[in-house]
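Now for the letters of each chain:
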Amino acid sequence: MKIHEKYIKRCIELAKNGLGTTYPNPLVGSVIVHDGKIIGEGWHQKSGEAHAEVHAINSVKDKNLLKNATIYVSLEPCSHFGKTPPCCDLILAHDIPNIVIGIQDPFAKVDGNGIKKLREAGKNVIVGVLENECRELNKRFFTFHEKKRPYIILKWAESADFFLSPESKDQQKPVWITNQYSRQLVHKWRTEEQAILLGTTTVLDDNPSLTARDWLGKNPVRIVLDKSLKTLQQSIISDGKAPTIVLTESQNYPTTSGITFKNVIFDSSLIDQITSILYELNIQSLIVEGGQKTLQSFIDTYLWDEARVFRGTNFFYSGTASPNLKAKAIQTQKILDDQLLIFDNHDKHDNI
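Residues numbered from 1 in each chain as written. Predicted model: local features only at pLDDT ≥ 70, side-chain atom pairs only at ≥ 80, totals over all residues. Heavy atoms only, no water.

For the protein chain, an unreviewed UniProt entry supplies the name Riboflavin biosynthesis protein RibD and the organism Flavobacterium ichthyis. What the UniProt record of the protein chain gives under Function (unreviewed entry) is the line "Converts 2,5-diamino-6-(ribosylamino)-4(3h)-pyrimidinone 5'-phosphate into 5-amino-6-(ribosylamino)-2,4(1h,3h)-pyrimidinedione 5'-phosphate." (UniProt positions renumbered as here; feature names shortened; annotations may be inferred.)

See below:
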């Protein structure tokens, strides 16, 4: 089993190259081994294009070796026709005798069917190698298909004395707590997730663009909570540089290019409404950037998976307090003088 773990680990490493570009598809890596030597490898690079197994098989120079090889895949090969043909059919066409799979695919059109098809064809199929690591690789994909909601990442920056912002913002808008390297990391995160959300007050106070200006990649879908449509006049979110969804109670929608309006009720069920709408829109991951009330609403309903909190060195002494997150950090990291704390909610509320 150790030798299988070695190659599945390589599949995971390859798959990570696709983070941010494969939505709504999962991250998948594949390695082909013959006589203890890797003869082919690949990963899924973009939705609608070739899957990992296709890239791996195509990279093998001598296709005759495939009849005595083992193909490793971090996620179960697909067995249905989507935007591309089934990977199972390609594996069978090349008569690859051994298939080692990290974890079964939770997507309803696959979900064991690929494994069944390969076994019924007489192939030796091993499933469940580094299963936890493979699930972690596709935590967004698994959360979306198993819990019917996006994977939710809470993100904020707080002062050394636990404030999101000072009492007065007159001197600087926005008020920067973190250094430029922490801010660049945030922009990288934006290219990795499908959507980013914040509330009305943050838009009015800071007028953020919510784009990935400091990192090469795709801008996330911007989602704004705006009960009575206060944010659209002269705000950057109307610039058309990224798809924007405004969640509102108002029925009086303005004609604004690039903005979609969805009706919600701003009551105790708001967070559930948000996650349901995003599920319907096929959005698998969401960064919640605030403000305080919005972040606390996600925390209080336990509808979050991960929190990423930057703590700066400056003191505000008063102002808007940080969200109340009763959890211990599972990881800490220094970015120059900034401290980045990572929190994980999976163990406590895995049934949500």
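*Asks:* I keep staring at the packing of aromatic side chains and nothing clicks. Help me out?
*Replies:* What characterises a pair of aromatic rings is the spacing of the ring centres plus the angle enclosed by the ring planes. Counted according to the given criterion, the structure contains 6 aromatic pairs. Here tyrosine 7 and tyrosine 72 contribute two aromatic rings whose centre-to-centre distance is 5.0 Å and whose plane-to-plane angle is 45 degrees, an arrangement assigned as tilted. In this pair, tyrosine 7 sits in helix α1 (residues 2-15) while tyrosine 72 sits in strand β3 (residues 70-75), placing the two residues 65 residues apart along the sequence. Residue classification places tyrosine 72 among the buried positions, given a relative accessible area of 4%. Centroid distance phenylalanine 144 to tyrosine 279: 4.7 Å. Interplanar angle 35 degrees. Geometry classified as tilted. Taken together, the positions of phenylalanine 144 in helix α6 (residues 139-147) and tyrosine 279 in helix α9 (residues 270-280) put the pair 135 residues apart, joining distant regions of the chain. On the basis of relative accessibility, which here comes to 3%, the residue phenylalanine 144 falls in the buried class. For tyrosine 279, a relative accessible area of 28% puts it in the partly exposed group. When the ring centre of tryptophan 176 is taken as reference, the NZ or CZ atom of arginine 183 above it lies at 4.4 Å. The residue whose ring lies beneath arginine 308 is tryptophan 189, and the NZ or CZ to ring-centre distance is 4.6 Å. (Phe/Tyr/Trp six-rings, centres within 6.5 Å; stacked < 30°, edge-to-face > 60°. Helix = DSSP H or I, 4+ residues; strand = E, 2+ residues; numbered from the N terminus. Buried < 20%, exposed > 50% of the residue type's maximum accessible area, 1.4 Å probe, protein only. Lys NZ or Arg CZ within 6 Å of the ring centre and 35° of its normal.)

*Asks:* Before we go on, may I ask you to explain the confidence of the model for the protein chain in this structure?
*Replies:* When pLDDT drops low, the exact placement of atoms in the prediction is not to be read closely. Residues of the protein chain with pLDDT of at least 70 account for 96%, and the chain-wide mean is 92. Throughout residues 348-352 the model reports pLDDT below 50, and contacts reaching past four residues in sequence, or to other chains, amount to 9 contacts. (pLDDT = per-residue confidence, 0-100. Contact = heavy atoms within 4.5 Å.)

*Asks:* I keep staring at the UniProt feature "domain: CMP/dCMP-type deaminase" (unreviewed entry) in the protein chain and nothing clicks. Help me out?
*Replies:* According to UniProt, the "domain: CMP/dCMP-type deaminase" (unreviewed entry) feature falls on residues 2-126. Counted over residues 2-126, helix gives 29% and strand 22%. Its end C-alpha atoms are 13 Å apart.

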